[in-house]
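Survey of secondary and tertiary structure
Below, each chain spelled out in residue letters.
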Amino acid sequence: NAGVTQTPKFRVLKTGQSMTLLCAQDMNHEYMYWYRQDPGMGLRLIHYSVGEGTTAKGEVPDGYNVSRLKKQNFLLGLESAAPSQTSVYFCASIPAGENKAFFGQGTRLTVV
Amino acid sequence: GENVEQHPSTLSVQEGDSAVIKCTYSDSASNYFPWYKQELGKGPQLIIDIRSNVGEKKDQRIAVTLNKTAKHFSLHITETQPEDSAVYFCAASTIEAAGNKLTFGGGTRVLVKP
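An account of the accompanying structure is given in this report.

Thresholds applied
- Residues numbered from 1 in each chain as written.
- Chains lettered and ligands numbered in written order.
- Predicted model: local features only at pLDDT ≥ 70, side-chain atom pairs only at ≥ 80, totals over all residues.
- Heavy atoms only, no water.
- Disulfide = S-S within 2.5 Å.
- Helix = DSSP H or I, 4+ residues; strand = E, 2+ residues; numbered from the N terminus.
- Buried < 20%, exposed > 50% of the residue type's maximum accessible area, 1.4 Å probe, protein only.
- Phe/Tyr/Trp six-rings, centres within 6.5 Å; stacked < 30°, edge-to-face > 60°.
- Contact = heavy atoms within 4.5 Å.
- Buried area = accessible area lost by both parts, 1.4 Å probe.
- Salt bridge = Lys/Arg side-chain N within 4 Å of Asp/Glu carboxyl O.
- Polar contact = N/O pair within 3.5 Å; in protein donor to acceptor, adjacent residues only side chain to side chain.
- Nonpolar A, V, L, I, M, F, W, Y, C, P; charged D, E, K, R; others polar.
- Pairing = 2+ DSSP bridges.
- Axes fitted to C-alpha atoms, helices over the stretch in contact; angles between N-to-C directions.

1. Examining the state of the cysteines
In this structure the tally under the stated criterion is 2 disulfides over all chains. One disulfide bridge connects A:Cys23 with A:Cys91, the sulfur atoms lying 1.9 Å from each other. Disulfide A:Cys23 to A:Cys91: torsion about the S-S bond roughly -75°, handedness left-handed. Highlighted residues: A:Cys23 in strand 3 (residues 19-25) and A:Cys91 in strand 9 (residues 87-94), separated in sequence by 68 residues. Of the two residues examined, A:Cys23 and A:Cys91, each falls in the buried class. One disulfide bridge connects B:Cys23 with B:Cys90, the sulfur atoms lying 2.0 Å from each other. Here the S-S torsion is close to -100°, and the disulfide linking B:Cys23 with B:Cys90 is therefore left-handed.

Here it is, written out as structure tokens:
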């Protein structure tokens with residue numbers, strides 16, 4: 001039981017490049033989330049999903065897209081990376097009917 | 001939407017002393033208030049949570065208090081130990097709302113000096 005696994009752990013992108021961050025959970029959780037963490041700003045919600053095939057915007061969705069084709073996976077895409085997207089990205093999941101969020105280890109992304 | 005403010009941003013305490021972190025929230029509909037601990041290089045982990053129908057909850061050396069009227073809640077760590085050094089986040093959400101979305105405070109970096 002690995003919990004929530006994020007890949008990659010580190011990545012450096014050039015401005016304008018694209019990439020996809022993968023979040024996988026093996027706990028059969030219904031809800032999944034993508035957050036970004038910046039110094040002094042806590043974690044801010046980018047997008048979330050309440051079930052397979054559904055996604056919704058969070059607090060800071062601009063410049064990101066997501067997909068939840070399978071219940072266990074939640075993908076975060078950056079179509080054209082910008083330096084403002086340099087951050088640490090965390091994925092989290094919550095079981096239906098519960099409140100405790102389980103977080104992955106994070107992905108440190110640097111856009112130069 | 002919800003807005004959560006957290007203070008202080010950094011906190012240095014002597015081992016064995018107590019640490020207190022305070023948060024305020026803006027949305028009166030919020031009814032779930034968890035606290036997360038983030039160690040260096042790791043994701044946040046839930047350490048304690050409280051619902052709005054409870055005023056205080058304790059788990060060994062940590063406790064959380066909630067004042068619904070004033071819209072603030074606090075984390076208390078007693079008899080601090082070096083392993084308590086970490087970044088702590090408060091959060092708020094409305095359980096019945098679709099998606100259980102958490103709004104986080106800005107975090108408090110706690111350093112316990114031996």
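Structure shown, so let's carry the discussion forward.
2. Considerations on the packing of aromatic side chains
The final tally for this structure, using the stated rule, is 14 aromatic pairs over all chains. Aromatic pair A:Tyr35 and A:Phe103: ring centres 5.9 Å apart, planes at 40°, arrangement tilted. Pair noted here: A:Tyr35 is in strand 4 (residues 31-37) and A:Phe103 is in strand 10 (residues 102-103), with a separation of 68 residues, a long-range link. With a centroid separation of 4.9 Å and 50° between ring planes, the pair formed by B:Phe33 and B:Phe73 is classed as tilted. With B:Phe33 in strand 4 (residues 32-38) and B:Phe73 in strand 8 (residues 72-77), the pair connects residues that are 40 residues apart, well separated along the chain.

3. Quick look at the interface of chain A and chain B
Residue-level contacts link 20 residues of chain A with 19 residues of chain B. Counting each side, the surface lost to burial between chain A and chain B is near 1600 Å², with a carbon and sulfur contribution of 56%. On the chain A side of the contact with chain B, A:Leu43, A:Asn99 and A:Phe103 bury the most area, a combined 34% of that side's loss. There are 0 salt bridges connecting chain A and chain B. Connecting chain A to chain B are 6 residue pairs in polar contact (both at pLDDT 80 or more). Of all the secondary structure elements, the ones that give two or more residues to the side of chain A that touches chain B are strand 4, strand 5 (43-51) and strand 9 of chain A. Taken together, the residues that form the side of chain A that touches chain B break down as 12 nonpolar, 6 polar and 2 charged.

4. Digging into the sheet that holds strand 7 (residues 64-67) of chain A
Residue and element names in this part refer to chain A. Spatially, the 4 strands line up as an open sheet ordered 1-3-8-7, and their pairing is antiparallel. Each end of this open sheet is capped by a strand with a single partner; those strands are strand 1 (4-7) and strand 7. The mean inter-strand angle of the sheet, taken between neighbouring strand axes irrespective of direction, is 20°. When strand 3 meets strand 8 (residues 73-78), the two strands line up antiparallel, connected through 6 bridges. When the sheet's bridge partners are listed, cysteine 23 is paired in strand 8 with phenylalanine 74.

5. A few points about the sheet that holds strand 3 (residues 19-25) of chain B
Pairing between the strands of a sheet is mediated by backbone hydrogen bonds and can be parallel or antiparallel. All names here are of chain B. The strand order across the open sheet formed by 5 strands is 1-3-8-7-6, and the pairing between neighbours is antiparallel. With one partner strand each, in any of the chains shown, strand 1 (4-7) and strand 6 (56-59) form the two edges of the open sheet. Averaged over all pairs of adjacent strands, the angle between strand axes in this sheet comes to 15°, irrespective of strand direction. Pairing of strand 6 with strand 7 (residues 62-67), which is carried by 4 bridges, proceeds in the antiparallel orientation. From the neighbouring strand, aspartate 59 faces strand 7, where its bridge partner is isoleucine 62.

6. Details of the pattern of salt bridges
Counted under the stated rule, the structure contains 7 salt bridges over all chains. Put simply, B:Lys57 and B:Asp49 hold a salt bridge, and the shortest N to O gap is 2.9 Å. Residue classification places B:Lys57 among the partly exposed residues on the basis of a relative accessible area of 36%. Residue B:Arg61 pairs with B:Asp84 through a salt bridge whose shortest N-O separation is 2.8 Å. Placement of the pair is B:Arg61 in the loop between strand 6 and strand 7 and B:Asp84 in the loop between strand 8 and strand 9 (86-92), with a sequence separation of 23 residues. Judged by its relative accessible area of 22%, B:Arg61 is partly exposed. A single salt-bridge network, built from bridges that share partners, covers A:Arg36, A:Asp38 and A:Arg44.

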